Amino acid sequence: MGTPDFSVGTLEAMIRAGHRVEAVFTQPDKPKGRGKSLQMTPVKEAALAHGIPVYQPRKIREEENVKILKEIDPDVIVVVAFGQIIPQSVLDIPRYGCINVHASLLPKYRGAAPIQWSVINGEKETGVTTMLMDEGLDTGDMLLRETVKIGENETAGELFDRLAPIGAQLLLKTLEGLEQGSIAPQKQNDQESTYASMLDKNLSAVNWNKSSREVHNLIRGLTPWPTAYTVLEGKKLKLFGSSVSAAKGGAGEIVSLNPFLVGCGDGVCVRIDQVQLEGKKRMGAADFFRGHPVPLKTSLN
């Protein structure tokens, strides 16, 4: 059971390792683009390419879906970013349980957007945890964990791409360990838990009164979606690729156009590599300001 790109690597790894995948459950196709044509989920595309039956329930908890799962009679259900809560009626079906691949070091960052929030909050490390699912939100017993360092300028998108294959391999080790009886499930310490809520566009506006480190973390944590932005001359300017600079400047003040440097609340500048003005294409910041010069000391808001 999975939906986005992050889930595909795990499905492919299971197939390569010789596990028999009887079925794939994924979210319903969604309309996309101007034509609103229905677009398959990445997991559906991968499953169909391997000739695996695909089911797309609006709600997995509905009786007809539970019945289908009972007929399949799986040894294990693997869940990777499926996007629906799995009810007890489904959790009880597989002999080895429902195994979730979660992109954080549980119990920290339970919830929908663990990768992005670990970057936004300036964490130095994160990882992947496999766990036995229960009815709670990422509260089940932990099976295996793998820790990775987060790069100083690494974006959420880059970290996402790096964690996906790690999660796939950890899942294979988990399945092997469960089969052999060599893994002892560990309870999570609920007192150490944190919650990673779903992202929305209300997070995207940069507050230049915050420190340079906080601004930098927001920009990279919201890349590639929903993307941090500021307002330049009344228009939204999206920001991509940032780092903390040694330059000094007041909060929201443009200190340099090449490189593009903006001051933050701690008096330190953030360097921004690429921008996109609303209605225009994304480009290097220096190239943008070459064709769209603004006076130094201009304030962004």
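Remember, it's a predicted structure, so these values are computed and weren't measured experimentally.

For the protein chain, the helix and strand inventory stands at eight helices and 16 strands. Looking at the protein chain as a whole, 48% of its 301 residues are labelled buried. When contacts within the protein chain are restricted to residue pairs at least 6 apart in sequence, those whose partners lie at least 24 apart make up 63%. Total accessible area computed for the protein chain in this model is approximately 15300 Å², and 48% of it derives from carbon and sulfur atoms. Side chains of the protein chain give 35 positive and 35 negative charges; the mean places of these two sets differ by 8 Å.

Residues Leu11 and Leu163 are the most contacted members of the largest nonpolar core, which totals 34 residues. Counting residues per element, the ones that place at least two in this core are helix H1 (5–16), helix H2 (42–49), strand E6 (98–102), helix H5 (114–120), strand E9 (142–149) and helix H6 (156–180). Ranked by residues supplied to this core, first place goes to H6 with 11 residues. With residues up to four places along the chain from it excluded, the contact list for leucine 11 reads Val21, Val24, Val43, Ala46, Ala47 and Ile52. With 30 residues, the next largest nonpolar core counts Ala113, Ala196, Val215 and Val262 among its residues.

What follows concerns the sheet that holds strand E8 (residues 125–132). Across the sheet, which stays open at both edges, the four strands sit in the order E5-E6-E8-E9 with mixed pairing between neighbours. On the outer flanks of this sheet lie strand E5 (77–79) and E9, each paired with one strand and no other. With strand direction ignored, the average angle separating the axes of adjacent strands in the sheet is 15°. Note: E5 against E6, three bridges, orientation parallel. What sits directly across from valine 79, in E6, is asparagine 100. Contacting E5, E6, E8 and E9, H6 crosses the sheet at an angle of about 150° to E9.

This part takes up the packing of H1 against H6. The relative placement of two packed helices is expressed as an angle between their axes plus a distance between the axes. One way to put it is that H1 packs onto H6 with a least axis distance of 8 Å and a crossing angle of 35°. Between H1 and H6 the crossing geometry is right-handed. Across the interface between the two elements, Asp5, Phe6, Gly9, Thr10, Ala13 and Met14 of H1 pack against Phe160, Leu163, Ala164, Gly167, Ala168, Gln169, Leu171, Leu172 and Leu175 of H6. Looking at side-chain class alone, the contact of H1 with H6 contains 10 nonpolar, four polar and one charged residues.

Let's shift gears to the packing of H1 against H2. Axis separation between H1 and H2 bottoms out at 8 Å; the angle between their running directions is 25°. With respect to H2, the axis of H1 lies roughly parallel. Contacts from Asp5, Ser7, Val8, Leu11 and Glu12 of H1 reach H2 at Pro42, Val43, Ala46 and Ala47. In terms of residue class, the contact of H1 with H2 is built from six nonpolar, one polar and two charged.

Okay, the packing of aromatic side chains next. Within this structure, the stated rule accounts for four aromatic pairs. Between phenylalanine 25 and tyrosine 55 the ring centres are 4.9 Å apart and the planes differ by 20°, which places this aromatic pair in the stacked class. Of this pair, phenylalanine 25 sits in strand E1 (residues 24–25) while tyrosine 55 sits in strand E4 (residues 54–55); the two residues are 30 residues apart in sequence, bridging distant segments of the chain. For tyrosine 55, a relative accessible area of 28% corresponds to the partly exposed category. Ring centres 4.6 Å apart and planes at 55° place the aromatic pair phenylalanine 260 and phenylalanine 289 in the tilted group.

Cut-offs applied
Residues numbered from 1 in each chain as written. Predicted model: local features only at pLDDT ≥ 70, side-chain atom pairs only at ≥ 80, totals over all residues. Heavy atoms only, no water. Helix = DSSP H or I, 4+ residues; strand = E, 2+ residues; numbered from the N terminus. Buried < 20%, exposed > 50% of the residue type's maximum accessible area, 1.4 Å probe, protein only. Contact = heavy atoms within 4.5 Å. Areas by Shrake-Rupley, 256 points an atom, 1.4 Å probe, with all protein chains shown as cover. Lys, Arg positive; Asp, Glu negative; His and termini not counted. Charge placed at Lys NZ, Arg CZ, Asp CG, Glu CD. Core = buried A, V, L, I, M, F, W, Y, C linked by side-chain atoms within 4.5 Å. Pairing = 2+ DSSP bridges. Axes fitted to C-alpha atoms, helices over the stretch in contact; angles between N-to-C directions. Left-handed = near helix turned anticlockwise from the far one by under 90°. Nonpolar A, V, L, I, M, F, W, Y, C, P; charged D, E, K, R; others polar. Parallel < 35°, antiparallel > 145°, perpendicular 65-115°, else oblique. Phe/Tyr/Trp six-rings, centres within 6.5 Å; stacked < 30°, edge-to-face > 60°.

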